[in-house]
Amino acid sequence: MDEQALLGLNPNADARYRQRAMAYFEQLKESQDAWEVCAEALAKGIYNDDHVKFFCFQVLEHQIKYRHAGLSGPQQQLIRETLMKWLQCQLMNSQPEKPFIRNKAAQVFALTFVMEYLTLWPKFFFDILSLVGLNPHGVDVYLRTLMAIDAEVVDRDTLHSPEDTRRNTLIKDTMREQCIPNLVESWFHILQTYQQSHPEITCQCLEVVGAYVSWIDLNLIANDRFVNLLLSQMSVEELREEACDCLFEIVNKGMDPVDKTKLVESLCQVLQSAGFFNVNQEEDVDFLAKFSRLVNGMGQSLVLSWTKLAKAGDVKAAADTLQAVEGKAPLLLQLLVHADDDISANIVAFCYDYLHVLKQLPQLTDQQKANIEAIMLAVMKKLTYDDEYNFENEGEDEAMFVEYRKQLKMLLDRLAQVSPDLLLEAVRRVFNNTMQNWQTANFMEVEVAIRLVYMLGEALPASHGAHFTGDAAKASMLQEMMRTLVSCGVSGYQHTSVSLEFFETVVRYEKFFLVEPHHIPVVLVAFLDQRGLRHSSPKVRSRVAYLFSRFVKTLHKHMNAFIEDILRQIQDLLELAPPENGFPALLTSDDQLFMFETAGILIVHGDSAAERKQGLMRSLLGPLMDAFRLLLDKLSRETEEERQAALADCLSHAVGFASRTSKAFSNKQTVKQCGCAEVYRDCLQTFLPALGCPVQRGPLRSSVRSFLHRMIICLEEEVLPFVPAASEHMLKDCEAKDLQEFIPLISQITAKFKGQVSPFLQQVFMPLVAAIFEILARPAEENDQTAALEKQMLRRSYFTFIQTIASSGMNEVMASQGAENIERVLFTIIQGAVDFPDPIAQKTCFIILSKLVELWGGKDGMVGFPDFVYKHIVPACFLAPLKPTFDLTDAQTILTLSECALTLKMIHIKRGPEFIQFLQQDYLPSLQVTPEITQELCQVLQQPDVKVLKNYIKAFFQRAKL
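Residues numbered from 1 in each chain as written. Predicted model: local features only at pLDDT ≥ 70, side-chain atom pairs only at ≥ 80, totals over all residues. Heavy atoms only, no water.

A. Spotlight on the overall build of the chain. A count of helices and strands for the chain gives 47 helices and zero strands. Against the compact-globule benchmark of 30 Å for 962 residues, the chain has a radius of gyration of 38 Å, which places it well outside the compact range. In terms of its C-alpha atoms, the chain occupies a principal-axis envelope of roughly 95 × 85 × 70 Å. The contacts in the chain between residues at least 6 apart in sequence include a share of 73% that link residues at least 24 apart. Taken as a whole, the chain presents about 44000 Å² of accessible surface, with 52% of it coming from carbon and sulfur. (Helix = DSSP H or I, 4+ residues; strand = E, 2+ residues; numbered from the N terminus. Rg over C-alpha atoms; globule rule 2.2 N^0.38 Å. Contact = heavy atoms within 4.5 Å. Areas by Shrake-Rupley, 256 points an atom, 1.4 Å probe, with all protein chains shown as cover.)

B. Seen up close, the packing of helix 8 (residues 136–154) against helix 11 (residues 199–212). Their axes nearest at 10 Å, the elements helix 8 and helix 11 cross at an angle of 25°. Taken together, the axis directions place helix 8 and helix 11 in an arrangement best described as roughly parallel. In this structure, helix 8 meets helix 11 at a crossing whose hand is left-handed. In this structure, helix 8 uses Pro136, Val139, Asp140, Leu143, Arg144, Leu146, Met147, Ile149 and Asp150 to contact helix 11, whose residues at the interface are Ile201, Gln204, Cys205, Glu207, Val208, Ala211 and Tyr212. (Axes fitted to C-alpha atoms, helices over the stretch in contact; angles between N-to-C directions. Parallel < 35°, antiparallel > 145°, perpendicular 65-115°, else oblique. Left-handed = near helix turned anticlockwise from the far one by under 90°.)

C. Expanded view of a negative patch on the surface. A cluster of acidic residues, Asp386, Asp387, Glu388, Glu396 and Asp397, forms a negative patch on the protein surface. Tracing the backbone shows glutamate 396 in helix 21 (residues 396–418). (Patch = residues over 30% accessible without salt bridge, like charges linked within 9 Å, V, L, I, M, F, W, Y side chains within 5 Å. Salt bridge = Lys/Arg side-chain N within 4 Å of Asp/Glu carboxyl O. Lys, Arg positive; Asp, Glu negative; His and termini not counted. Charge placed at Lys NZ, Arg CZ, Asp CG, Glu CD.)

D. Main features of the packing of helix 7 (residues 124–132) against helix 8. Between helix 7 and helix 8, whose axes approach to 9 Å, the crossing angle comes to 160°. Taken together, the axes of helix 7 and helix 8 lie roughly antiparallel to each other. Relative to helix 8, the crossing made by helix 7 is left-handed. Counting all contacts with helix 7, which are made through Phe124, Phe125, Ile128, Leu129 and Val132, the residues of helix 8 involved are Gly138, Val139, Tyr142, Thr145, Leu146 and Ile149. Residue classes in the contact of helix 7 with helix 8 are distributed as nine nonpolar, two polar and no charged. (Nonpolar A, V, L, I, M, F, W, Y, C, P; charged D, E, K, R; others polar.)

E. The arrangement of the packing of aromatic side chains in detail. All chains considered together, the criterion is met by 51 aromatic pairs. Look at tyrosine 212 and tryptophan 215: their rings are 5.5 Å apart centre to centre, the planes differ by 40°, and that puts the pair in the tilted class. Each of the two residues, tyrosine 212 as well as tryptophan 215, counts as buried. Where phenylalanine 391 meets phenylalanine 443, the ring centres are 5.6 Å apart and the plane angle is 80°; that geometry is what we call edge-to-face. Within this pair, whereas phenylalanine 391 is found in the loop between helix 20 (366–382) and helix 21, its partner phenylalanine 443 is found in helix 23 (residues 443–459), the two being separated by 52 residues in sequence. For the pair phenylalanine 391 and phenylalanine 443, a shared accessibility class is recorded, and that class is buried. Among the aromatic residues, ring-to-ring pairing joins Phe468, Phe502, Phe503, Tyr509, Phe512, Phe513, Phe527, Phe548 and Phe551 into one connected group. Cation over ring: arginine 240 sits above phenylalanine 287, and NZ or CZ is 4.1 Å from the ring centre. (Phe/Tyr/Trp six-rings, centres within 6.5 Å; stacked < 30°, edge-to-face > 60°. Buried < 20%, exposed > 50% of the residue type's maximum accessible area, 1.4 Å probe, protein only. Lys NZ or Arg CZ within 6 Å of the ring centre and 35° of its normal.)

F. Main features of helix 9 (residues 162–178). Between its first and last C-alpha atoms helix 9 spans 24 Å; for 17 residues at 1.5 Å apiece the expected length is 24 Å, and the two agree. Turning to helix 9, its buried residues are Asn168, Ile171, Lys172, Thr174 and Met175. All buried residues of helix 9 lie within an arc of 165° about the axis, which places them on one face of the element. Residues of helix 9 that are exposed and point more than 90 degrees away from the buried face comprise Pro162, Glu163, Arg166 and Glu177. Residues of helix 9 that are buried sit in contact with helix 6 (99–116), helix 7, helix 8, helix 10 (180–194) and helix 11. (Expected span 1.5 Å × (residues − 1). Arc of directions from axis to C-beta.)

G. Spotlight on the environment of aspartate 838. Mapped onto the fold, aspartate 838 is located in the loop between helix 41 (819–834) and helix 42 (839–856). In sequence terms aspartate 838 and alanine 13 are 825 residues apart; their C-alpha atoms lie 52 Å from each other. Setting aside residues up to four positions removed in sequence, aspartate 838 forms contacts with Gln792 and Arg796. Here the side chain of aspartate 838 touches glutamine 792 through a polar contact of 3.4 Å, side chain to side chain. (Polar contact = N/O pair within 3.5 Å; in protein donor to acceptor, adjacent residues only side chain to side chain.)

H. Quick peek at the state of the cysteines. Under the defined criterion, the tally for this structure stands at zero disulfides. Lacking any disulfide linkage, cysteine 205 is separated from the closest cysteine sulfur, that of cysteine 246, by 8.4 Å. (Disulfide = S-S within 2.5 Å.)

I. Quick peek at the nonpolar core. Of all hydrophobic cores here, the largest spans 341 residues; its most connected members are Met175, Trp187, Phe291, Phe551 and Phe878. Sorting elements by how many residues they give to this core places helix 38 (residues 758–777) first, with 12 residues. Setting aside its immediate chain neighbours within four residues, phenylalanine 551 contacts Val506, Val507, Glu510, Phe513, Ile520, Val523, Leu524, Phe527 and Met559. (Core = buried A, V, L, I, M, F, W, Y, C linked by side-chain atoms within 4.5 Å.)

J. Representation of the environment of valine 251 within the structure. Looking at where valine 251 falls in the secondary structure, it is placed in helix 13 (residues 240–252). In this structure the C-alpha to C-alpha distance between valine 251 and methionine 298, which are 47 residues apart in sequence, comes to 6.2 Å. Aside from chain neighbours lying at most four places away, what touches valine 251 is Lys260, Val264, Leu267, Leu294, Gly297, Met298 and Ser301.

If you want it as structure tokens, here you go:
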């Protein structure tokens, strides 16, 4: 072997040696027989260096995995001999190989097994077992090989080709017939022999049993001899976790429901008599987590058996199984309420299924009712945060508790389905007791008491949150709890979790305030002071900003008396934070969006006269406009890029805030009624100059464009004078993304104002089209996916724009562009319909062509257009579907084909018999279509039913493509 190259296998070798080692590896892999030196090195144990041994196995692995079929008989024999000689060396060695080498060897054994077991090496297991006997080094490799075979042949998480799946099934069938009983026997002896001397080998063997039990005959394992051995290992500290997992796999195996119940019950009896059910006396939480998973598996298996038996109408067996399920309830409760959350989480699924069983029973016994109540109390207890929870810096442990809480919430929802009255009463009891002495209670008790009230909102169904109408008992209980919540002073509790829970609950039950509006002022004060928007925690302030906007949206009608007071109190929260200010603002810009929206809603929906509303809106937006002018001036003079970006960011926020206030208006009518149109016009005049700013174009254009979209809704035609100048700026030096975002704006204007904007569109049409063509024509690197996608999206936007113009009945926009330009545009539409394999764009193109035929294809249409129809549109309708990329099995493509058929129909409507004659005499014969099919197609075209035509066209092209 190339000793120099082998030096490069050491992770600490320098790059030159490492490169040489890689090249040598490739050389050995690809050579017909050079790999044999690696086989020799392994068989004779020539090298002591672990990296070289690993390397030799890798070379061997490559031969078996990718070149096995091409090896000669003697070469395949050499691989088998090499593996067995290597294994024999392991038996002699005083020290085993490193685990990473043993694992790689096991992989190579497993690959050889998969390739040769059915043909060349049927005695694979027999040979290995007779060689290793009970030698611990040999047994270790044997067990690792079994796990590697499981990964190759059985593991359901691995994706296999149909061919591999068939082979794997055959391997398992052959193993069941020929060697599984012998393997099981070997496992039994290994477990028996090594449980004292080599716990790690025993654990490995338990893992093997657990992996194989899912597909071998269960009777080989689920018998007294084997199960007693496993149960005895449940009492050995080093083995019991693996033994638990092994029993779990046995219990999980699919089998007849009656047999499954018997198996689980016999296991439980033994476990109980061995004292495993005394959970409270066990201190090893890792073992208890495994045990909890085992009990969960047993419980779920019993529930599944009960479901099957009840469905099949086997009353006696179902009753026995239900009794078995009930028998596990005390153990279930002990594990569910355990202080360790992992132990508790592992039993939740069984608990959920058990409640589902109770829900289906016609009547509950006293014991079952007691179990429900016990589960309820356990869930309430386990929902509680512990002292270690870090609210300021939430890490992995916190995330796990949040996930666990979600599981408990599912249990609570299920409890509500089984016994809503019981749940409501239990929550009320906990809530009232806690609220009576919240000042002295721990934060976790106060938080969970409010949290439970919050959770009732989802657990107890009510359409659109109408919890305070309908069921009188439920409504009065919830009302009483809400009354307590807002009046007992708990909103002042000094802990972020309690503050958040208070506001979340207030907003979840906002409909309560429609029933008892006199509580609104108290809650408003809490929102506005240091309990809410001015809380010391940024997390609370941020969430409260959003919740406040929701609260105001629902209840603004009841706030008329406080509007100006609220606006005064939040004034400093509505200031635009300048980028150079070193002080952190109370709210982030995202939070401020909610505050501006809230301010807008309060002003617009208040009772004051239009003049007052205009004044309030101006005092809200005026400071934004002033700041905008100053910052824009600064930006145009700023040279440092980082500062430019910060200023542009700030300017974008200002535009975004103004835009957000307009959400309070539904249309132009409301803007006029409030006298606010003038303020928004001033905003437009202030913001539009930003489009001419030479730096930071992207963010500025994006925010001003969004503002224009809003203003088209709020100001309608009053926006039109601003559009030409804005468009001119946006078309200057633009990129694909800019245009893609600009086209929807023009399309919105076109669709909304139609004829009113015709002169403007005639003027902007060609500059816009030219900008699009210029970007589409730019060369891009062949495998630049991003650029290709951007072009595809831009092409789609362009066709959508043309479609909007055509379908808004403004054919004069295109007609006025001069013959050359019109022709250029028309050819791009033909090209889009035929040449680009993008069914979405193709569909749009056929819709445009159909519309243009309708507008210009008649007797009094555009001069020369009928000629274009016959030369280009008709061929497009046939050439596009004949393309190999036009996939007639794809749903989107079929929609394109429908539009194609409608285009042909429109040509017939406009040109009549002349079109039929053209198809019969000129066009279809040029495509070698037979006279019979030509006749057929022309008849279908002349029928009034479009559906018949669509179906015929599909069949026509399916035949043509055969």
